[in-house]
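The primary structure of each chain is shown beneath.
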Amino acid sequence: MAPLPILPVEVWRHIFLLILRVPGILLFDRLDPFSESREADVYWNNPLTCSALLLVCKDWHSIVSELVHEHIHLTSSKQAAILADRLEKSRANDGSRALGSLTRRVDVQLHNPVPKDSTNIARLLRCTPNLEIFINGNFYMTLTPTSQILPPTQTSTEIIQALLKTSAHSLRRVEWTCNESPGWSNLMDVLRDLRGLRSLTLANIHGSFPEKPREEHLILPNLKTLILGDSPSFSHASLGNVPLNTLLMMLSKTPDQLPCLQRLEGFSPFSPDFLRTHGHKIRVVRTVAYTPLLPEIIAKCPNLETFITIFPHQQLEHLYHPSLRRIGIFPISEDLVNVPVQIFAAYIMKPLEDLMYQIEESELPKLVQIRIRNTGTLAGVVEHPLFIQKWWRRWNSRGVRFDDKDGKPFQIGSSGPANEPSQDKALVPTPGPIS
């Protein structure tokens, strides 16, 4: 093996950044919904690559070790305990160069965590004074052949306090994405203390709103993105969610409560009061569109530029909007599914055809792009070349891009879209939650 080139540490660090850091991993906000990447893609880094680089030499070990601790992704109780011990030891021995001071993002995805796990997570968080992103994806599910999601559980107060006492000044993005969520009291502490918060995701809020709540005027001065409900599918479990609707009402009093809001996602219909107060600021809406109130919802967002509907819930007749530029048709699930041809044609392609006609008949003078995210329950769309050809021609004649999940225009070829490989209609399910 040839000797390694002699390069400054800064050069090696930049090289390793390109190898180890997943693009978008440290963004303060969620990815643009029209991005080619998914939020789940941030977990695709290969740990074997990190392990191999750590073993090359002492200098590489030092650099790679620092980069590895920028993003901590906890998936097991053992891992949480080991990393908590490591960061506490580093804090005691390394002072300002402690590994935890380098951590900018922490994701926790523990299956059926126990109180000891919460203690270890809190220990770890107390060692991360510069933390900017905290994602809680803990999920509770029965370990039976017919795995069932368990009732919602509350995030430990110990974890919330560790976050606020250690990194309230630096946190910019916090998310609860599964069936563990903060209680009302803890959530209010988060919203009061995180003045720099830019992105908030809440699948739910645990417990009932206090009978005698503290009267206060919540202001989130920097919040740009608000996502409420079980994203990304926004199932019917989110409809009529009393805690989330209560939060919307609390934030609906005056426009100064959310001066920077631009992106709103959740199960429609959104609170009318919330839209009357903040609708003029919103540029991006993502929702299940199965509601006759949708035209009214969109009308209350006069500066809307991007609308994402979760398919197959759709009802988009008689839309008019002067500034809407992009429409996305995204699957209710990005897990691959096994669907017989006849069922797919009846329950996916026919409603999708109807949706296309509804959009075509709408008054959208600024529309420039329609994207079908042909993955998961919509993956089989590319096996219907007549549909692709028909709508590519119709939208192209109007100067509207008709794009696939990668942001590439559907191409017309002799055997269907030229930029898509043939896919078998029988696809294998992939388990696990999508963040």
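You'll find the structure just up there.
Residues numbered from 1 in each chain as written. Predicted model: local features only at pLDDT ≥ 70, side-chain atom pairs only at ≥ 80, totals over all residues. Heavy atoms only, no water.

Engineer: Which residues make up the overall build of the protein chain, and what values do they have?
Structural biologist: A count of helices and strands for the protein chain gives twelve helices and 16 strands. Taking all 435 residues of the protein chain together, 51% fall into the buried category. Here the contacts in the protein chain between residues at least 6 apart in sequence split such that 70% fall between residues at least 24 apart. Total accessible area on the protein chain is roughly 20,400 Å²; 57% of this is exposed by carbon and sulfur atoms. (Helix = DSSP H or I, 4+ residues; strand = E, 2+ residues; numbered from the N terminus. Buried < 20%, exposed > 50% of the residue type's maximum accessible area, 1.4 Å probe, protein only. Contact = heavy atoms within 4.5 Å. Areas by Shrake-Rupley, 256 points an atom, 1.4 Å probe, with all protein chains shown as cover.)

Engineer: Account for the packing of aromatic side chains, naming residues and giving values.
Structural biologist: According to the stated counting rule, one finds five aromatic pairs in the structure shown. The interplanar angle of 50° and the centroid separation of 4.9 Å between the aromatic rings of Phe402 and Phe410 together place this pair among those described as tilted. Pair check on accessibility: Phe402 and Phe410 agree, each one buried. One aromatic cluster is present, built from ring pairs that chain together Tyr357, Trp391 and Trp395. One Lys or Arg, Arg326, reaches over the ring of Phe34 and ends 4.2 Å from the middle of that ring. (Phe/Tyr/Trp six-rings, centres within 6.5 Å; stacked < 30°, edge-to-face > 60°. Lys NZ or Arg CZ within 6 Å of the ring centre and 35° of its normal.)

Engineer: Go over helix H7 (residues 184-193) with me, naming the residues and quoting the values.
Structural biologist: Within an α-helix, residues lying three or four positions from one another point in the same direction, as the helix has 3.6 residues per turn. Those residues of H7 not exposed but buried are Trp184, Asn186, Leu187, Met188, Val190 and Leu191. On its buried face, H7 sits against strand S4 (153-154), helix H6 (157-167), strand S5 (173-176), strand S7 (199-202) and helix H8 (242-250).

Engineer: Outline the pairing of strand S2 (residues 105-108), listing residues and values.
Structural biologist: Residues Arg105 and Asp107 of S2 are buried on one face, and the alternating residues Val106 and Val108, pointing to the opposite face, are buried as well. Direction of pairing for strand S1 (residues 71-74) relative to S2: parallel, over a ladder of four bridges. Across the sheet, His73 pairs through a bridge with Asp107, a residue of S2. Crossover connection from S1 via helix H4 (residues 77-94) to parallel S2: handedness right-handed. In this structure, S2 lies alongside strand S3 (residues 133-136), joined through four bridges in parallel fashion. (Pairing = 2+ DSSP bridges. Right-handed = clockwise from strand over helix to strand, strands pointing away.)

Engineer: For the environment of Leu258, give the residues involved together with the corresponding values.
Structural biologist: Inspection of the secondary structure puts Leu258 in the loop between H8 and strand S9 (263-267). On the basis of relative accessibility, which here comes to 0%, the residue Leu258 falls in the buried class. Sequence separation between Leu258 and Leu223 is 35 residues; the distance between their C-alpha atoms is 6.5 Å. Leu258 has contacts with Leu220, Leu223, Leu251, Phe274, His278 and Lys281, leaving out every residue within four places of it along the chain.

Engineer: Give a detailed account of the nonpolar core, specifying residues and quantitative values.
Structural biologist: Grouped burial of nonpolar side chains is what soluble globular proteins tend to show. In this structure, Leu125, Phe134, Ile329, Ile359, Ile370 and Phe387 are the most contacted members of the largest nonpolar core, which totals 87 residues. With seven residues, helix H11 (residues 341-361) is the largest single contributor of residues to this core. Excluding residues that lie within four positions of it along the chain, Phe387 makes contacts with Met349, Leu352, Glu353, Met356, Ile372, Val381 and Phe402. Grouped together as the second largest cluster of nonpolar side chains are five residues, Phe34, Val288, Ile310 and Phe330 included. (Core = buried A, V, L, I, M, F, W, Y, C linked by side-chain atoms within 4.5 Å.)

No statement about biological role is implied by the geometric values presented.
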